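Remarks on the overall topology
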Amino acid sequence: MKAKFVSSLLTTLIVASACSGSPVPIVPRSSASDSSATGASAAHRTSTRLTIHVPKRVRIRHRHGFRYVSPSTQSLSYAINPVKGCKGCTQQLLGDDGLTLASPNCAPVDQGTTCTFPLPLAPGHYTGTIATYDGPAGCQTVNACNTLSSNQSFPLTVTAGRSNAPSIALYGVASQLEIEPVGNNARVLGNGNQNVTVSGLNSVGTFALYGLDADNNLILGPGSPTFTLPSQPSINWTASIRGNLLTFTTGSSFQGNDTPFFVQVGPSCVTVGSPCSFTLHLYMGALVAMADSTKNTVHVVIPGVGTGADFGTSSIANYATVTNGVSGPTGVAFNDATAELFVANGSNSTVTVYVPPYTGAPIATLHVPFLGAIAVDAAGDVAAASNTFGSDSVEVFFAPSYGVPAVQPLSHPATSLAFAYGSNPDLWVGTSGSVAAYAAPYTAPAAHTVAATDPVSIDLDGNENLYVSDATAETVTKYLSASSYAAGPSATGLFNAGCVLVGYFVNICQEGVVEYGALGPSSFQVLFATGIDGSAPCLGAVDYLGDLWAAGSAGTSSTMLAGTGNLFTYVSYSVSAMAAFPGARLAL
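Owing to the predicted nature of the structure, the values given are computational and were not obtained by experimental measurement.

Quick notes on the rules
Residues numbered from 1 in each chain as written. Predicted model: local features only at pLDDT ≥ 70, side-chain atom pairs only at ≥ 80, totals over all residues. Heavy atoms only, no water. Helix = DSSP H or I, 4+ residues; strand = E, 2+ residues; numbered from the N terminus. Contact = heavy atoms within 4.5 Å. Disulfide = S-S within 2.5 Å. Buried < 20%, exposed > 50% of the residue type's maximum accessible area, 1.4 Å probe, protein only. Pairing = 2+ DSSP bridges. Axes fitted to C-alpha atoms, helices over the stretch in contact; angles between N-to-C directions. Phe/Tyr/Trp six-rings, centres within 6.5 Å; stacked < 30°, edge-to-face > 60°. Core = buried A, V, L, I, M, F, W, Y, C linked by side-chain atoms within 4.5 Å. pLDDT = per-residue confidence, 0-100. Lys, Arg positive; Asp, Glu negative; His and termini not counted. Salt bridge = Lys/Arg side-chain N within 4 Å of Asp/Glu carboxyl O. Polar contact = N/O pair within 3.5 Å; in protein donor to acceptor, adjacent residues only side chain to side chain.

In terms of regular secondary structure, the protein chain is built from 1 helix and 48 strands. Contacts in the protein chain between residues at least 24 apart in sequence constitute 54% of all its contacts with a sequence separation of at least 6.

Spelled out as structure tokens, the structure:
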């Protein structure tokens, strides 16, 4: 009789044959001897064959559809059981067999390995199960291998001289979850750490999910996993899944980071019928606003979304281009709760306020004569340096109305501004000769004052310690909030000291090198340096994940944006101001 034989690169079948020339038989493990079948049944036993093909590649499509057989498969275990009540059926038949070219009954076929095992079965109805492993035969009994596919059940009917040929979908065991971002504002942090980020409030980020077996092989077709969501994120995001596409929608305000989220995978990581879960960690991705005063534009970008063609090059993705109401921007700032963007427009002395995604008209326009530095607190209040009718002052506009401002007269022009974010929202003002703190509503005399010759940059950390970069004194000094702002550690000899960012990073431009470092107990510790033109602007911003983004001029029409770890990219515009969302102080 001609053999009824079906084989494909990704198909596992049981087939019957009554022809001669069968492979050398392998005696399978059996729970009962052949004498368990009746004499009549034994006389009509059919030489049923178990045929397995292990492919060298996995993306081969057969007319029956994809079947999961991992290229790393080395052995299988099987069980053939008679259906309850079957008279004359062969008793339970068990086997552990190798599936490599060195195994008996295996040969190279169709760019892979095909193994055929005779199974002596008496006529009757049976059910079978199969599991495959990446170790030699019997390895599963001593935990010396990984299970690559789980025990999928299939029916088998044997009649005199023939059997049916059931198609078996071997379910791959998803021991890992592979996540690929779809779109510019979705990222996966780290290598296989399942830390995902979505940039921007009220934004949608999409990720493609794939199941990998224990040997990092992709699980395909009917044997591939299905994905479900057992819950919603614990923060104010929402999540949905369709097929293998996982979609997150961020909330309308920043609510923290590193919230565990579960993706449920089925069939199970061990057996069919009881799904398992993988844990993801959700983060808000960073946005960096870069003002371009020469083109009346603010670029809001997503930094570090991938690696460019050149070693060490990081790409950026455009999130929004802000032009409506922008005129010669000299300063930018974010509200860390709502991601509102504030732009100081030097050409017309206004501060314009934008809500995500920043492409519409400003929600407010504040008029500040002879506008200088700006700062924004956690409530969205805006402080702006001004020179009104020849009198230097700082005007504070209170959100959300931004009506008549509170005014603090100053005897010298304000060079830098910073808000504290603690329970006592002080406004720190750097002027020629000092840095002073004013308590809300900012009309009373200064509550604290520290000396500084030329405070080009000031900032505060999460404990409200004050940091002052003094260009003339070439120092960066920490003033301790717990000691009424007495001077603490100070770094000296910092020629052309620039931005000081939450006390952790200082940006120094000198002799064609931009250096970024941290203030130590008594010195400036250089973390990394970038060899570009160190001329102004020498700007920086730190997001809440601790990533530093800094810009230094690299010519008249381009600027280098450098990130932590010496990743960098060039943008085709000059940068006059920078800010990051969410800000670093939220993580301190």
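With that out of the way, let us pick up the state of the cysteines. Applying the stated criterion to the full structure yields 3 disulfides. Between the sulfur atoms of C106 and its disulfide partner C115 the distance amounts to 1.9 Å. On the S-S bond that ties C106 to C115, the torsion sits near 115 degrees, and the link is right-handed. Here C139 pairs with C145 through a disulfide, and the sulfurs are 2.0 Å apart. In this structure the cystine formed by C139 and C145 twists about its S-S bond by roughly 85 degrees; its chirality is therefore right-handed. Of the residues examined, C139 reaches a relative accessible area of 5% and is grouped as buried. Given a relative accessible area of 17%, C145 falls into the buried group.

Once that is clear, we can look at the sheet that holds strand β25 (residues 341–345). Spatial strand order, β24-β25-β26-β27: 4 strands in an open sheet with antiparallel pairing. The sheet terminates laterally at β24 (329–334) and β27 (364–367), the two strands that pair on one side only. Between one strand and the next, the sheet's axes are offset by a mean angle of 20 degrees, whatever the strand orientation.

Taking burial as the measure, the 6 residues of strand β21 (residues 287–292) include 6 buried ones, the bulk of the element. Every second residue of β21 is oriented toward a common face, with L287, A289 and A291 on one face and V288, M290 and D292 on the other, all of them buried. Strand direction decides the pairing type here: β21 and strand β48 (residues 577–581), joined by 5 bridges, are antiparallel. Paired with L287 across the strands is F581, a residue of β48.

Attention now moves to the sheet that holds strand β16 (residues 226–228). The strand order β13-β14-β20-β19-β16 describes an open sheet built from 5 strands, whose pairing is mixed. Each end of this open sheet is capped by a strand with a single partner; those strands are β13 (186–189) and β16. Here the average twist between neighbouring strands, direction ignored, is 35 degrees. The sheet contact formed by β13 and strand β14 (residues 195–199) spans 4 bridges and is antiparallel. Along β14, the bridge assignment pairs V188 with V196.

A few words on the packing of aromatic side chains. This model, assessed by the stated rule, comprises 11 aromatic pairs. Feature note: the residues F254, Y319, F334, Y358, Y544 and F581 constitute an aromatic cluster, connected by ring pairs.

Bringing the nonpolar core into the picture now. Grouped together as the largest cluster of nonpolar side chains are 50 residues, with contacts concentrated most on L177, F248, V298, V300, V332, L341 and Y358. If one sorts the elements of this core by residue count, strand β20 (residues 276–285) sits on top with 6 residues. With residues near it in sequence (within four places) discarded, V298 still touches A289, M290, A291, A320, T321, V322, V326, P329, V332, L341 and V343.

With that settled, consider the confidence of the model for the protein chain. Here the protein chain averages 79 in pLDDT, and 78% of its residues register 70 or above. Taken as a whole, residues 1–43 scores under 50 in pLDDT and shows 109 contacts with residues more than four places along the chain or in a different chain. Of the regions scoring below 50 in pLDDT, residues 307–313 engages in 8 contacts with residues more than four places distant in sequence or in other chains.

Okay, unusual backbone geometry next. Residues P356 and P357 are joined by a peptide bond in cis, for which omega reads 5 degrees. Inspection of the secondary structure puts P357 in the loop between β26 (350–354) and β27. In this model, A399 is joined to P400 through a cis peptide bond whose omega is 0 degrees. Structurally, P400 is set in the loop between β30 (391–397) and β31 (406–409). Phi at Y358 is positive, roughly 75 degrees, even though this residue is not glycine.

Relative to the elements of secondary structure, V526 occurs in strand β43 (residues 524–530). Judged by its relative accessible area of 44%, V526 falls in the partly exposed class. Put simply, V526 and E515 are 11 residues apart on the chain and 6.7 Å apart in space, counted from C-alpha to C-alpha. If near-sequence neighbours (up to four positions away) are discounted, V526 is found in contact with E515, Y516 and G517.

By relative accessible area, P357 is classed as partly exposed at 43%. For P357 and V322, which are 35 residues apart along the polypeptide, the C-alpha to C-alpha distance reads 9.3 Å. Those residues in contact with P357, other than ones at most four positions away along the chain, are Y319 and A320.

Bringing the side chain of D461 into the picture now. With respect to the helices and strands, the residue D461 is situated in the loop between β36 (455–460) and β37 (466–470). No salt bridge is formed by the buried D461, whose closest oppositely charged neighbour, K478, lies at an N-O distance of 4.8 Å. A distance of 3.0 Å separates the side chain of D461 from the backbone nitrogen of N465, its partner in a polar contact.

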